[in-house]
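A look at the structure
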Amino acid sequence: MGRIKSGPPGQRAMLPLLLLVVVVFVWLPGRCIAQGGGGGGGQLTRGSFPNGFVFGTAAAAYQYEGAVKVDGRGQTIWDTFAHTFGKISDFSNADVAVDQYHRFQEDVQLMADMGMDAYRFSIAWSRILPNGTGQVNQAGIDHYNKVINALLSKGIQPYVTLYHWDLPQALEDRSKYKVSTSFSVLFDATQNGQLGIAFDVIWYEPMTNSTIDIEAAKRAQEFQLGWFADPFFFGDYPATMRKRVAERLPKFTADESALVKGALDFMGINHYTTFYTRNNNTNIIGKLLNDTLADTGTVSLPFDKNGKPIGDRANSIWLYIVPSGMRKLMNYVKERYNSPTVYITENGMDDSNNPFTSINDALKDSKRIKYHNDYLTNLAASIKEDGCDVRGYFAWSLLDNWEWAAGYTSRFGLYFVDYRDNLKRYPKNSVQWFKTLLSSS
Ligand code: BGC
């Protein structure tokens with residue numbers, strides 16, 4: 001079972017502008033706190049993580065900015081999709097979203113209030129190159145310079161995602177065009193950084209301890225993470241994929257292989273949940289369609305074979321809370337890719353946008369606090385006890401925002417956004433929890 005999200009899947013290129021940043025150390029009174037319970041390792045503090053470990057929140061242009069027709073921005077595939085009747089579950093679109101295009105100063109202040117070190121946001125390609133290629137739109141460049149300056153003025157490091165699914169429609173229309181060529185314009189504008197990719201990774205736990213299910217879980221992971229990450233480390237797709245997908249899997253030339261191998265400065269990992277995986281060779285429809293699931297010969301579900309859920313459920317269909325998955329995943333990445341540098345580029349949970357819930361009640365997000373506490377506790381253990389090289393953690397998300405095909409039905413924010421009153425932002429209790437953690441020593 002996959003994530004409930006339609007539209008373009010995929011991985012994102014990320015560029016932390018580390019070298020642009022002046023790091024200022026401010027002494028903060030060391031309070032030994034952090035409510036929220038659990039996770040086994042005592043209370044979380046800054047000291048639970050190595051020196052220099054970066055805490056931030058994450059966001060994406062299309063989910064946040066709005067202002068889709070402002071300052072020369074070109075149309076994207078998500079504008080087209082969101083305006084196609086029946087594609088978005090609440091019939092909304094992101095024309096306004098949470099209006100960060102106009103409210104970024106206020107939002108930067110919200111991050112500063114929490115004591116965050118960094119902000120991961122994406123650049124809308126179609127603001128810079130409205131037609132996908134060619135003429136550069138100076139207003140787009142100016143806008144992101146203002147955002148970056150606002151962040152730096154508060155001591156917040158910008159981590160820039162170069163592409164978070166909002167492909168310019170013009171490029172899609174000229175489908176033979178090499179997307180990578182246009183992409184390089186953005187990278188050229190931001191030299192000196194480090195380059196990585198954010199991979200979306202569910203942890204797959206074998207459904208039973210039979211060898212066949214253990215193998216199935218490994219296979220499912222190779223088809224999920226390995227498909228995209230292996231070429232960067234080994235110059236090729238995983239052997240399992242070669243075998244099962246056979247001639248349908250493209251082959252790397254020696255040059256291509258050499259080009260991608262070793263090209264990442266770090267790995268970004270977006271991690272939310274864990275599923276059980278079992279062997280399954282009877283996917284007849286999948287076999288007819290030649291689809292990926294049929295190729296893996298596995299099925300992954302958030303329930304065990306007796307129907308028992310794998311963990312407590314957030315308020316979404318796919319998101320079950322399984323903090324131990326974080327530690328297992330970090331160890332898997334360490335073993336498979338020989339201790340790469342990792343950033344957790346996204347981790348978080350949503351609440352449903354219930355129109356009958358009062359704002360006051362919506363701000364009491366104790367489940368979210370426990371989620372972050374327990375996932376972070378497992379992350380800290382993977383670093384300190386298992387030696388995984390993880391350098392930072394970005395909570396998804398700063399604000400409630402437009403959740404792709406789920407529209408405004410899902411609220412992932414640390415800050416609540418009032419969609420009925422001029423998009424006013426209110427801190428949920430998790431904001432105070434992060435503030436406490438980040439001001440500890
Ligand atoms: C995506 C976000 C999305 C989040 C929650 C992530 O994988 O990068 O854009 O909002 O999942 O579904």
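Note: the structure precedes this text.
Residues numbered from 1 in each chain as written. Predicted model: local features only at pLDDT ≥ 70, side-chain atom pairs only at ≥ 80, totals over all residues. Heavy atoms only, no water.

Between helix 13 (residues 324–337) and helix 15 (residues 366–384), the least distance of the axes is 7 Å, while the angle of their chain directions is 30°. When the axis of helix 13 is compared with that of helix 15, the two are roughly parallel. Crossing of helix 13 over helix 15 shows right-handed handedness. Across the interface between the two elements, Ser-324, Met-326, Arg-327, Met-330 and Asn-331 of helix 13 pack against Tyr-375, Asn-378, Leu-379, Ala-381 and Ser-382 of helix 15. Class assignment for the residues of the contact of helix 13 with helix 15 results in five nonpolar, four polar and one charged. (Axes fitted to C-alpha atoms, helices over the stretch in contact; angles between N-to-C directions. Helix = DSSP H or I, 4+ residues; strand = E, 2+ residues; numbered from the N terminus. Parallel < 35°, antiparallel > 145°, perpendicular 65-115°, else oblique. Left-handed = near helix turned anticlockwise from the far one by under 90°. Contact = heavy atoms within 4.5 Å. Nonpolar A, V, L, I, M, F, W, Y, C, P; charged D, E, K, R; others polar.)

Next up on the list: the nonpolar core. Of all hydrophobic cores here, the largest spans 105 residues; its most connected members are Met-267, Met-330, Leu-376, Leu-379, Tyr-393 and Phe-434. In terms of residues, this core owes the most to one element, helix 15, which gives seven residues. Those residues in contact with Leu-379 that sit more than four places away from it in its chain are Phe-49, Phe-53, Met-326, Met-330, Ile-344, Val-390 and Tyr-393. (Core = buried A, V, L, I, M, F, W, Y, C linked by side-chain atoms within 4.5 Å. Buried < 20%, exposed > 50% of the residue type's maximum accessible area, 1.4 Å probe, protein only.)

We now examine the pattern of salt bridges. Inspection of the entire model under this criterion finds 24 salt bridges. Here Lys-370 ties to Asp-374 by a salt bridge, and the two come within 2.6 Å at their closest N and O atoms. Here Lys-370 and its partner Asp-374 are both found in helix 15, four residues apart, which amounts to about one turn of the helix. What makes Lys-370 partly exposed here is its relative accessible area of 42%. (Salt bridge = Lys/Arg side-chain N within 4 Å of Asp/Glu carboxyl O.)

What follows covers the packing of helix 15 against helix 16 (residues 429–438). At a minimum axis distance of 9 Å, the contact between helix 15 and helix 16 shows a crossing angle of 35°. Two secondary-structure elements touch here, helix 15 through Arg-368, Ile-369, His-372, Asn-373 and Leu-376 and helix 16 through Asn-429, Ser-430, Trp-433, Phe-434 and Leu-437. A breakdown of the residues in the contact of helix 15 with helix 16 according to their chemical character gives five nonpolar, four polar and one charged.

Now for unusual backbone geometry. Glycine aside, residues mostly have negative phi angles, and peptide bonds mostly take the trans form. A cis geometry characterises the amide bond from Trp-396 onward to Ser-397, with omega recorded as 20°. In this fold, Ser-397 is placed in the loop between strand 14 (390–395) and strand 15 (410–411). Despite not being glycine, Phe-91 has its phi angle at roughly 60°, a positive value. For Phe-91, a relative accessible area of 58% gives the class exposed. The phi angle at Leu-423 is positive, at roughly 55°, despite the residue not being glycine. Mapped onto the fold, Leu-423 is located in the loop between strand 16 (415–418) and strand 17 (424–427).

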